[in-house]
Each structure stands twice: as C-alpha cells, then as structure tokens.
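Architecture and fold: a report
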Amino acid sequence: MFIGHFAVGFASKKFAPRANLAVLIAAPLASDILWPFFLLFGWEKVRIDPANTRFTPLDLVWFPWSHSLLMTAIWATVFAALYYAITRYRAGAWVIWIGVVSHWILDWITHRPDMPLYPGSARYGLSLWNSIPGTMIVELSMFAFGLWLYARATRAKDRIGRYAFFAYAALLLAAYVGDRFSSPPSGTGDIAWPAIIAEAILLPWAWWFDRHRERTDQSARAVIPAISPSTDP
Ligand SMILES: [Zn+2]
C-alpha cells in the first residue's frame, strides 16, 4: 500500500488537529521509512520478481524489523512516547500510535502472505495486490476520504496553504498512477534510494503547507479531550 498510508495521515488531522501533518503522515509511513535504511544496512532483504503479485514486482523476502506486527507496535510506542515527551499532546500521541500500527494492518490486507507477526514467525497477507482494480479502488477511495477529512478539519490561511496542499495531493496521485507504468527496479539500491529521497521531500513539504493552514470547527469538535495543556509542536 502506498497512498493508503498517506490517507491515514491526512485523516489523523481531524483527531489530533494540533499535531503537524508531517508528523501525522510519518506515523503511518514509519515502517516504510525504516525499510529502505534497513535494506541498505543489509538487515532486510528484497528480491525483484516481476511476477510476484500483479501490483508489485517486489518479493519481500525478509523485513521483520520494519514490518512485523511486534516491531511495528514497538516502533509505535517509541514514536508516540517521544512525541508525548516533546509536546505533552496526548491526542497526538494516541493518533501517532494508532497510525504506526495501521501500517501493518493495511499491508496485511494488500500483500501476499509475507507479513510476519514477529521476526521468524509464520507470515500472513490477504493478497489484495493480486487485483489491480481492487487495489486501486481501495487505495484511491481511502485517499479521497483522508483528503476530504483533512480539507474539512483545516482551512488555508494563504496561497501556500491552498496551492502547496493541492500540488502535494496531485503529485501523490500522479506518482501512484505513474508507478503502474514504470519498469521494475533492478536492485536494492534502486528501491531504497528513491524511497529515502521521496520521504526527505514529502515530509518537509507536508510540514510547510500544514503551517499555512489553520484548524476549523470541524476539527475542534473532534478533539479527544487532552488533560494537560499542550503546546503546539
Ligand atoms: Zn509497508
């Protein structure tokens, strides 16, 4: 899953409006942010196999440190605890925890059975990726719903808040559709580096336009009551 994880990040803004969108997107992407680094370090393994599923040429041979359910829950706890220690924003910390764990659930739905529960365990997956229309319908409707929630929970303060947000959504969509027509990568570095570069652009970009938007009543009503007064991160 690709833009489905972004959808979770956008939707999170409704439930933690004081958290910056970049942090809310980094949470559901956390497993995929760690994964290219772990590939480069040689801790995880991927094989190029054009016939793996209809949707992806990647055979995810070994990736329990970024993608097992146990490690995902541990990363979620580390991320949420760090965020809470810095911001004291309880709603934000909960939404981050749920966001990080949501990655496993969404990947479990889309991947063929390659998702481990813990390093070395049996692996599971519902193989939605075997159907291109099925995958695209699920991910695109999630993406539309996430964008809609975000657009209702915030409003642009200026042109950056409006157009940098539109451009961001359009680029993600174009990358998602364009990926259907690209040829399979030829090696691990071809997979890891573009992913790292994409994240280094997409996260600061989300931070930027989110700072140029402000919350609306739609988000204020949905705030999970935070006990301690929190600071805007
Ligand atoms: Zn993943």
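The written sequence of each chain sets the order in which its residues are numbered from 1. In keeping with the predicted nature of the model, local features appear solely for residues at pLDDT of at least 70, side-chain atom pairs appear and are counted solely at 80 or more, and the whole-chain, interface and lining totals rest on all residues. Processing note: side-chain calculations cover all non-hydrogen atoms of the structure and skip hydrogens and water entirely.

Quick look at the coordination of the zinc ion
- Listed donors are limited to N, O and S atoms within 2.8 Å of the metal, widened to 3.2 Å for Na, K and Ca; water is not among them, so incomplete-looking sites are possible. Ligation of the zinc ion by protein atoms is provided by Asp 32 (OD), His 67 (NE2), His 103 (NE2) and Asp 107 (OD), these donors lying 2.1 to 2.3 Å from the ion.
- For four-coordinate sites, all angles between 85 and 135 degrees define a tetrahedron; for four- and six-coordinate sites, opposite donors beyond 155 degrees with the remaining angles between 65 and 115 define square planar and octahedral shapes respectively, and all other cases count as irregular. Classification of the site at the zinc ion as irregular follows from its four donor atoms and the range of 82 to 169 degrees in their angles at the metal.
- Along the chain, the residues donating to the zinc ion fall in the pattern D-x34-H-x35-H-x3-D. One end of the pair, His 103, and the other, Asp 107, are both in helix H5 (residues 90–110), four residues apart, so they sit about a helical turn from each other. For the purposes of this entry, the term helix denotes a DSSP run of H or I that reaches at least four residues, the term strand denotes a run of E that reaches at least two, and both are numbered from the N terminus.

Regarding helix H1 (residues 3–15)
- For H1, built from 13 residues, the straight-helix expectation of 18 Å at 1.5 Å per residue is met to within 8% by its first-to-last C-alpha distance of 19 Å.
- Buried means the residue's accessible area, taken with a 1.4 Å probe over protein chains only, is under 20% of the maximum for its type, while exposed means over 50%, and partly exposed covers the values in between. With 12 of 13 residues buried, H1 is to be regarded as a mostly interior element. To estimate the expected span of a helix, count its residues, drop one, and scale the result by 1.5 Å.

Points about the packing of aromatic side chains
- When the centres of two rings from Phe, Tyr and Trp lie within 6.5 Å, Trp using its six-membered ring, the rings pair. Their planes under 30 degrees apart give stacked, over 60 give edge-to-face, and anything left gives tilted. This model, assessed by the stated rule, comprises 18 aromatic pairs.
- An aromatic cluster is built from Phe 10, Phe 143, Tyr 150, Tyr 163, Phe 165, Phe 166, Tyr 168, Trp 205 and Phe 209, whose rings are joined through pairwise contacts.

Let's talk about the packing of helix H2 (residues 21–41) against helix H4 (residues 69–87)
- Contact geometry for H2 and H4: axes closest at 11 Å, N-to-C directions at 130 degrees. As the angle between them shows, H2 and H4 are arranged oblique. You can see that H2 and H4 cross each other, and the crossing is right-handed. Of H4, the residues touching H2 (which contributes Val 23, Ala 26, Ala 27, Ser 31, Leu 34 and Phe 38) are Thr 72, Trp 75, Phe 79 and Tyr 83.
- Gly counts as polar in this scheme, as do all residues outside two lists: the nonpolar Ala, Val, Leu, Ile, Met, Phe, Trp, Tyr, Cys and Pro, and the charged Asp, Glu, Lys and Arg. Taken together, the residues that form the contact of H2 with H4 break down as eight nonpolar, two polar and no charged. Axes here mean lines fitted to C-alpha atoms, for a helix over just the part in contact, with angles spanning 0 to 180 degrees between N-to-C directions. An angle counts as roughly parallel when it lies under 35 degrees, as roughly antiparallel when it exceeds 145, as roughly perpendicular when it falls between 65 and 115, and as oblique in every other case. By definition, turning the near helix anticlockwise from the far helix through less than a right angle yields a left-handed crossing, and turning it clockwise yields a right-handed one. For this analysis, residues touch if any pair of their heavy atoms sits within 4.5 Å.

Notes on the side chain of Ser 31
- Relative to the assigned elements, Ser 31 resides in helix H2.
- Take Ser 31: its relative accessible area is 2%, and that puts it in the buried class.
- Separated by 2.9 Å, the side chain of Ser 31 and the backbone oxygen of Ser 66 make a polar contact.
- Setting aside chain neighbours within four positions, we find Ser 31 in contact with Ser 66, His 67, Thr 72 and His 103. Each polar contact in these results corresponds to two N or O atoms within 3.5 Å; when the atoms are within protein, one needs to be able to donate a hydrogen and the other to accept it, and residues that are neighboring in sequence are counted only if both atoms are side-chain atoms.

A few points about the pattern of salt bridges
- Definition used for salt bridges: Asp or Glu carboxyl oxygen within 4 Å of a side-chain nitrogen of Lys or Arg. Throughout the structure, instances matching the rule amount to four salt bridges.
- When the shortest N-O distance is used, the salt bridge between Asp 59 and Arg 47 registers 2.8 Å. With Asp 59 in strand S2 (residues 58–62) and Arg 47 in strand S1 (residues 45–48), this pair connects stretches of sequence that are 12 residues apart.
- The exposure class assigned to Asp 59 is buried, which follows from its relative accessible area of 9%.
- On the accessibility criterion, Arg 47 (45% relative accessible area) is partly exposed.
- In this structure, a network of salt bridges that share partners links the residues Arg 47, Asp 59 and Arg 112.

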